[in-house]
Amino acid sequence: MGTVSISFDADVDVEVPLLIVGAGAAGLCAALAATEAGIEVLVIERDAVPAGSTALSAGLIPAAATRLQRAKGIVDSPQLFAADIQRKAKGEADAAVVDAVAHGSGPLVEWLMDRYGLPFEVVDNFNYPGHSALRMHGLPTRTGSELVDRLRQAAERGDITILPQRVADVLLAEPDGRIRGVEILRGDGERERIGCNALILACNGFGGNPDLVRRFIPEMGDALYFGHPGNRGDAVMWGEALGAKLAHLGAYQGHGSVATPHNILITWAVIMQGGIQVNRDGSRFCDESQGYSEQAAEVLRQPGAIAWTVFDARIAAVARQFEDFRAAERAGAILTGDTVAELAGAMGVPAATFASEWMDVENLKAKSGQDHYGRQYAPEQLCAAPLHAVKVTGALFHTQGGLAIDGVGRVRRKDGTLFPNLFAAGGAAAGVSGSSAAGYLSGNGLLTATVLGRLAGQAAMLRRRG
Ligand SMILES: Cc1cc2nc3c(=O)[nH]c(=O)nc-3n(C[C@H](O)[C@H](O)[C@H](O)COP(=O)(O)OP(=O)(O)OC[C@H]3O[C@@H](n4cnc5c(N)ncnc54)[C@H](O)[C@@H]3O)c2cc1C
């Protein structure tokens, strides 16, 4: 089924207390937490410089009850956050994991601020679907590359060894499931076997493995994959071979607004501020405000697998806080029209149909109405000329299914019992999004990467002492 395997030959070249595979947000948070707890850590990373899908993200971490929220008068709590996660996931997410990430999120952000100097801010000029409080915390550039760079720098300052250009491809295990270590392929072609007391899999999901995507998420089998290509499902494949419980493999984070053919993310803030989507016939096709994740498949079902995201200058000003949006502008992806008819001409959609859809929505906004798809509007979403449009498609961002874990990232066997020294965090583990794309609440990706990474790093230390 892939290129990774399991070996029961226990010989190793070198031993470390804690081994972490993957240096994205999950692996680096785990490494920082474990090092603080006094455990020696070695991180193995496929790339020359850690980046992962973390670097491709906007770096926004949802966190409840932080002092940054309190300073802005935002009322929030872990309970409210947990309820939001489960509402979006239709109650399908593991309750213990939801509880752990909702309660751990605020402390996670404050830990990264206080201990490692990450300058988080609360995003307070728009909210994402399904969050009942403003709780997205981002760094000044609103980029995941800033997040992963700052985490790596913190690790380097803490003398954490990250071995780059090493691919873990053989898991060393004992017949009872105890992990002995991993065999790695080095950049120079040599192989090395590293033993460990505990292993944290932080190598994300299987978005970069088209065979696994087609097997578990057929609706995205031919979709553009927008995540890190090195995330090839190694954790899932090892888990399957080890007899681990795999959960919600059909779940994923999609996105219904990736500029095409430029392949640049257009932030969903555009929709939440009052933008809409029409297909190439100029017609709307669903309630866009439900969420960007489920919108990926909706857009791919439209003629030509494209849609137009339409908005105005006020919305563009909000979106411009994201470097991606500015890049889309520079690339010429954003079209402008002084009138609805002029914009329709630039988009190449039937003007009468588009104008009628646009005016219907504007009228609903003025009277706080709801459309026949169930989308609710508000007067502050009203748009004014000049108008903008960008041609978009749906993409797969990352998979949300993976190894079933407990509230600190310990991996479960098929019968629900725990492997003694195997952990997973971030995209390697089953997330908190239930069984489908529609269950993905914005931020679930970095939430489970950072919080569970930290908890797994701490728990790996406790395991060693026990
Ligand atoms: C475009 C985009 C935008 C996003 N925006 C957001 C957002 O704003 N908020 C949010 O919460 N989430 C967002 N996400 C999702 C988020 O990026 C991921 O959920 C998160 O980064 C996962 O972190 P991770 O540490 O598990 O994986 P990664 O960051 O992908 O790190 C995994 C690392 O493991 C390495 N690796 C893999 N296999 C091996 C191996 N066998 N041996 C050695 N190394 C290996 C990889 O090279 C990689 O560096 C976005 C995703 C994308 C693609």
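The structure presented is a predicted model; accordingly, all values stated were derived computationally and were not measured.

Concerning the pattern of salt bridges
Part 1: The tally for this structure, following the rule as stated, stands at 31 salt bridges.
Part 2: Across the salt bridge formed by R191 and D169, the nearest N and O atoms sit 2.7 Å from each other. Separated by 22 residues along the polypeptide, R191 in strand β10 (residues 191–201) and D169 in strand β8 (residues 166–173) bring together distant segments of the chain.
Part 3: Judged by relative accessible area, D169 falls into the buried class, the value being 11%.
Part 4: One network of salt bridges, with partners in common, ties together D9, D169, E183, R191 and R193.

A short note on the packing of aromatic side chains
Part 1: Evaluation of the coordinates by the stated rule reveals 10 aromatic pairs.
Part 2: Aromatic side chains F126 and Y128 sit 5.0 Å apart centroid to centroid with 70° between the ring planes, which places their arrangement in the edge-to-face category. Each member of the pair, F126 as well as Y128, is classed as buried.
Part 3: Measuring from ring centre to ring centre gives 6.0 Å for F311 and F325, while their planes differ by 65°; the resulting arrangement is edge-to-face. Of this pair, F311 sits in strand β16 (residues 307–312) while F325 sits in helix α12 (residues 323–330), placing them 14 residues apart in sequence.

Describing the site of the ligand
Part 1: The local shell around the ligand holds 40 residues, among which E45, S53, T54, D234 and L446 are the closest.
Part 2: A168 places a main-chain nitrogen or oxygen 2.9 Å from a nitrogen atom of the ligand.
Part 3: Contact with the protein chains hides 98% of the accessible area of the ligand, taken as 1,000 Å² for the molecule alone.
Part 4: Those elements that place two or more of their residues in the shell around the ligand are α1 (25–36), α2 (52–56), β8, β18 (387–399) and α15 (444–465).
Part 5: Residue composition of the shell around the ligand, by class: 17 nonpolar, 18 polar and 5 charged.

Description of the nonpolar core
Part 1: Core analysis: the largest hydrophobic core is formed by 108 residues, its most contacted members being L18, L19, I20, F120, L151, L199 and L201.
Part 2: In this structure L19 touches L42, I44, V182, I194, C196, A198, L199 and I200, once residues within four positions along its chain are discounted.
Part 3: Within the second largest apolar cluster, 37 residues are counted, among which are F285, A328, I334 and A389.

Details of the environment of I39
Part 1: Mapped onto the elements of the fold, I39 is located in the loop between α1 and β3 (41–44).
Part 2: Between the C-alpha atoms of I39 and Q458, which are 419 residues apart in sequence, the distance is 9.2 Å.

Here's the deal with the layout of surface pockets
Part 1: Looking at the second largest pocket, its volume works out to about 160 Å³.
Part 2: Taken together, E92, A93, D94, V97, K245, A247, H248, A404, I405, R412, A430 and G431 make up the lining of the second largest pocket.
Part 3: A class-by-class count of the residues in the lining of the second largest pocket yields 6 nonpolar, 2 polar and 4 charged.

Points about the packing of helix α13 (residues 340–347) against helix α14 (residues 351–366)
Part 1: The interhelical angle for the contact between α13 and α14, taken along N-to-C directions, is 125°, at an axis separation of 9 Å. In terms of orientation, α13 lies oblique with respect to α14. Here α13 and α14 pass one another in a crossing that is right-handed. For the pair α13 and α14, the contacting residues are V340, L343, A344 and M347 in the first and A351, F354, A355 and W358 in the second.
Part 2: Its residues assigned to classes, the contact of α13 with α14 shows 8 nonpolar, no polar and no charged.

Structural notes on empty space enclosed by the protein
Part 1: Counted under the stated rule, the structure contains 1 cavity of 30 Å³ or more.
Part 2: Volume-wise, the largest cavity comes out at about 40 Å³.
Part 3: Contributing to the lining of the largest cavity are K88, P129, G291, Y292, S293, E294, Y440, L441 and S442.
Part 4: Sorting elements by how many residues they give to the lining of the largest cavity places helix α10 (residues 292–300) first, with 3 residues.
Part 5: Looking at the lining of the largest cavity, its residues break down into 4 nonpolar, 3 polar and 2 charged.

Cut-offs and rules
Residues numbered from 1 in each chain as written. Predicted model: local features only at pLDDT ≥ 70, side-chain atom pairs only at ≥ 80, totals over all residues. Heavy atoms only, no water. Salt bridge = Lys/Arg side-chain N within 4 Å of Asp/Glu carboxyl O. Helix = DSSP H or I, 4+ residues; strand = E, 2+ residues; numbered from the N terminus. Buried < 20%, exposed > 50% of the residue type's maximum accessible area, 1.4 Å probe, protein only. Phe/Tyr/Trp six-rings, centres within 6.5 Å; stacked < 30°, edge-to-face > 60°. Near = heavy atom within 4 Å. Polar contact = N/O pair within 3.5 Å; in protein donor to acceptor, adjacent residues only side chain to side chain. Areas by Shrake-Rupley, 256 points an atom, 1.4 Å probe, with all protein chains shown as cover. Nonpolar A, V, L, I, M, F, W, Y, C, P; charged D, E, K, R; others polar. Core = buried A, V, L, I, M, F, W, Y, C linked by side-chain atoms within 4.5 Å. Contact = heavy atoms within 4.5 Å. 1 Å grid on protein atoms, 1.4 Å probe; cavity = no way out; pocket = protein on both sides within 12 Å on 5 of 7 lines; lining within 4 Å. Points joined across faces, edges and corners; volume = space filled by probe spheres on them. Axes fitted to C-alpha atoms, helices over the stretch in contact; angles between N-to-C directions. Parallel < 35°, antiparallel > 145°, perpendicular 65-115°, else oblique. Left-handed = near helix turned anticlockwise from the far one by under 90°.

Remember, this is a structural readout, not a statement about activity or role.
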